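Remarks on the overall topology
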Amino acid sequence: MMSRVILVEPFVLVVFGATGDLSRRKLIPAMFQRDAADQVPEAAEIIGVSRAKLSREQFVAQAMAAVEEHVPQNERPAIVAKRFVKRLHYVAADATSDSGWEDLARELAPFKDRAIVFYFATGPAFYGPICERLGRFNLAQGNARVVVEKPVGKDGETAHEVNEAISQVFPEDRVYRIDHYLGKETVQNLMALRFANGLFEPLWNAAHIDHVQITVAESLGVEGRAGYYDTAGALRDMVQNHMLQLLCLVAMEPPGQLSADAVRDEKLKVLRALKPMTAPNWVRGQYRAGASAGGPVPGYLEELGAKESQTETFVALKVEIENWRWAGVPFYLRTGKRLAERVSEIVITFRPVPHSMFGPETGPIQPNRLVIRLQPDEGVKLWLMIKDPGPGGMRLRPVPLDMSFASSFNVRNPDAYERLMLDVVRGNQTLFMRRDEVEAAWAWIDPILESWSQSPEPPKPYTAGTWGPSAAIALIERDGRTWSDGGM
Ligand code: BG6
């Protein structure tokens, strides 16, 4: 099946931090893929900006090396590579001084009427200084918009400062705070599933749902990012943004329409209804040496090259939402590095049947579960009880109604950045976080951080390649429930 492609208007994408990791791994390959899909008009341009004094040829060589590394060979025909190279330009400019900014202004001068997308793929410390210069050099005008990577701040106060600096130059309707989880195909499917089917919504509440689990497990460690990661930890890196966004999409009321503010208003209400967290509803962990993908792997401290760190690489939380729909329904959240598998999924467990007419010989009746798998093997499974086939007695077992997106549609699953970057060009903010959402998320996270920073208790150790500290298992088991490990 072919996916439908609609050409976007000509644009100029200006990437600050163009030689960095995010540009190489995600942004440049994503733009190449959209170009290969014939969605990028001929006149569109990409300007890389960084401090390095590179020639255009050197930048092009770096960009195309990134494409070769991250786009499979059969998806990069020579004809696309040739036109993609023509789009690439480079300006050496410094975020913290005026050096190079006249050059950037000159480069952008012919494009005053176009959508100009300024993408901040730099450390957050540079967002303020770049914004200030975009304003001073008159580059933030008209049709210009800005894309800001997470983390927006490291707590509520710093997020407010960053947002203030941005708002001096860009009005909110031109600010795109990216959370790449919202660009994942299955995450959007969650909205389709909930709001384009009459089946689930009547059951989507405390009367019928027992609990919800959201797991984002990674098998990799912190890789080359230990420096950043140690200042963040899993709560800031994953929970404040990706996990809370997933929770919002599961828990929000049906928006009146699929418009940016209608969706974001509903997500905001969920964030504001989160019950403040207290012990013992959280567990934080840190991995020790162990095994992953069959081989030995070092512990977090060894990867960090430090003797000691209180940074958590794993978090499990029992979250409650204080509103009519969700009162009494726990949302168990769990995320970590170096876990047993790479799997992200949302599991909705319905309440058990009120009465079983079957005798003990039929086996236990398991509650229905709806499993939404974000990665890998994107798909949805609805687990139902059925009768074991055959002429014997009445024996029951759970069997899934199974929809794998890969095998059902046979299309390449685009990377989240492909969709999100073109949404910016199209001016569609639905899948981006609004300022009040980000600040509401921090308002809920801040007291947890505060409490952890004052606690003498270090993160609980767990062996790499497992499902995290045993306390995380206890967190859910004391409620008589279990984690749905790799629950598909
Ligand atoms: C990023 C985090 O936002 O998301 C990383 O900073 C994490 O630490 C990554 O590895 C996970 O994204 P994905 O798309 O690979 O699940």
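Residues numbered from 1 in each chain as written. Predicted model: local features only at pLDDT ≥ 70, side-chain atom pairs only at ≥ 80, totals over all residues. Heavy atoms only, no water.

1. Details of the overall build of the chain
Here is the rule: Put simply, DSSP marks the helices as runs of H or I at least four residues long and the strands as runs of E at least two long, and each gets a number from the N terminus on. Throughout, the radius of gyration refers to the C-alpha atoms, and the reference size of a globule is 2.2 Å times the residue count to the power 0.38. The classification of residues rests on relative accessible area computed with a 1.4 Å probe and restricted to protein chains. Under 20% of the type maximum is buried, over 50% is exposed, and intermediate values are partly exposed. Using the Shrake-Rupley algorithm and a 1.4 Å probe, accessible areas are obtained, with residue cover drawn only from the displayed protein chains. The sign given to each residue is positive for Lys and Arg and negative for Asp and Glu; His and the chain ends receive no count. Note on charges: their place is set at NZ of Lys, CZ of Arg, CG of Asp or CD of Glu.
When you go through the chain residue by residue, the secondary structure sums to 15 helices and 18 strands. A compact globule built from 488 residues would reach a C-alpha radius of gyration of about 23 Å, and the chain, at 24 Å, matches this within 12%. Dimensions along the principal axes, computed over C-alpha positions, put the chain at roughly 80 × 55 × 45 Å. For the chain, the residues scored as buried account for 53% of the 488 residues in total. With an accessible surface of roughly 21400 Å², the chain has 54% of that area assigned to carbon and sulfur atoms. A gap of 2 Å separates the mean positions of the 56 positive and 61 negative side-chain charges of the chain.

2. Let's talk about empty space enclosed by the protein
Using the following cut-off: A cavity, in this analysis, means grid points on a 1 Å lattice covering only the protein atoms where a 1.4 Å probe fits yet has no way out; a pocket is instead an open set bounded by protein on both sides within 12 Å along at least five of seven lines, and a residue lines either one if it has an atom within 4 Å of a point. Grid points are joined across faces, edges and corners, and a volume is the space filled by probe spheres set on the points. Each residue receives one of three labels: charged for Asp, Glu, Lys and Arg, nonpolar for Ala, Val, Leu, Ile, Met, Phe, Trp, Tyr, Cys and Pro, and polar for the others, Gly being one of them.
Going through the model one piece at a time under the given rule, you end up with two cavities of 30 Å³ or more. Computed from the structure, the largest cavity encloses a volume of approximately 50 Å³. Around the largest cavity sit F11, L13, M31, V117, Y119, V147, M421, V424 and V425, which together line it. A total of three residues in the lining of the largest cavity trace back to one element, the largest contributor, which is helix α13 (residues 416-426). What the second largest cavity holds in volume is close to 30 Å³. What lines the second largest cavity is K150, P151, V152, Q240, N241, M433 and V438. Counted by class, the lining of the second largest cavity contains four nonpolar, two polar and one charged residues.

3. Things to note about the site of the ligand
The criterion, for reference: Here a residue is considered near a molecule or strand provided that any single heavy atom belonging to it is located within 4 Å of it. The term polar contact refers here to a pair of N or O atoms within 3.5 Å; inside protein, the definition further demands a hydrogen-donor-capable atom paired with an acceptor-capable atom, and it admits residues adjacent in sequence only when both atoms are side-chain atoms.
If you check the shell around the ligand, you find K150, H180, Y181, K184, E218, R225, D237, M238, H242, K337, R342 and Q375 and nothing else. In the environment of the ligand, an oxygen atom lies 2.5 Å from a nitrogen or oxygen atom belonging to the side chain of Y181. Within the side chain of D237, a nitrogen or oxygen atom sits 2.6 Å from an oxygen atom of the ligand. Here the ligand has 400 Å² of accessible area as a free molecule, and 81% of this is covered by the chains. Counting residues per element, the shell around the ligand draws most heavily on helix α9 (residues 234-251), which supplies three residues. Within the shell around the ligand, the residues separate by chemical class into two nonpolar, three polar and seven charged.

4. Digging into the sheet that holds strand β11 (residues 314-319)
Here is the rule: We treat two strands as partners when DSSP finds at least two bridges between them. For helices, the fitted line uses only the C-alpha atoms of the stretch in contact; every axis is such a line through C-alpha atoms, and the angle between N-to-C directions lies from 0 to 180 degrees. Any two residues whose heavy atoms approach within 4.5 Å are treated as being in contact.
One open sheet holds the nine strands; their spatial order is β16-β15-β14-β13-β7-β12-β11-β8-β18, and the pairing between them is mixed. Edge positions in the sheet fall to β16 (396-404) and β18 (460-463), since each of these pairs with one other strand and no more. Neighbour to neighbour, the strand axes of the sheet diverge by 20° on average, direction disregarded. For strand β8 (residues 282-288) and β11, the ladder comprises four bridges, and the chain directions are antiparallel. Counted as the bridge partner of V283 is A316 from β11. Running over the sheet, α9 touches β7 (209-217), β11, β12 (331-336), β13 (343-350) and β14 (369-375) and is turned about 145° from β12. On the sheet, helix α15 (residues 470-477) packs against β7, β8, β11, β12 and β18 and is oriented at approximately 10° with respect to β11.

5. Comments concerning the environment of F405
Tracing the backbone shows F405 in helix α12 (residues 405-409). Judged by relative accessible area, which is 9%, F405 ranks as buried. Through-space distance from the C-alpha of F405 to that of G336 is 25 Å; in sequence the pair is 69 residues apart. Ignoring anything within four residues of it in the chain, the contact list for F405 reads T186, N189, E378, G379, V380 and N410.

6. As for the packing of helix α1 (residues 21-36) against helix α3 (residues 78-87)
Using the following cut-off: Reported orientations rely on four angle classes, namely roughly parallel under 35 degrees, roughly antiparallel over 145, roughly perpendicular from 65 to 115, and oblique for the rest. With the far helix as reference, a near helix turned anticlockwise by less than a right angle produces a left-handed crossing, and one turned clockwise produces a right-handed crossing.
Axis separation between α1 and α3 bottoms out at 10 Å; the angle between their running directions is 125°. Here α1 lies oblique to α3, going by the angle between them. As α1 runs across α3, the sense of the crossing is right-handed. Here I28, M31, F32, D35 and A36 of α1 come into contact with α3, specifically with V80, A81, R83, F84 and R87.

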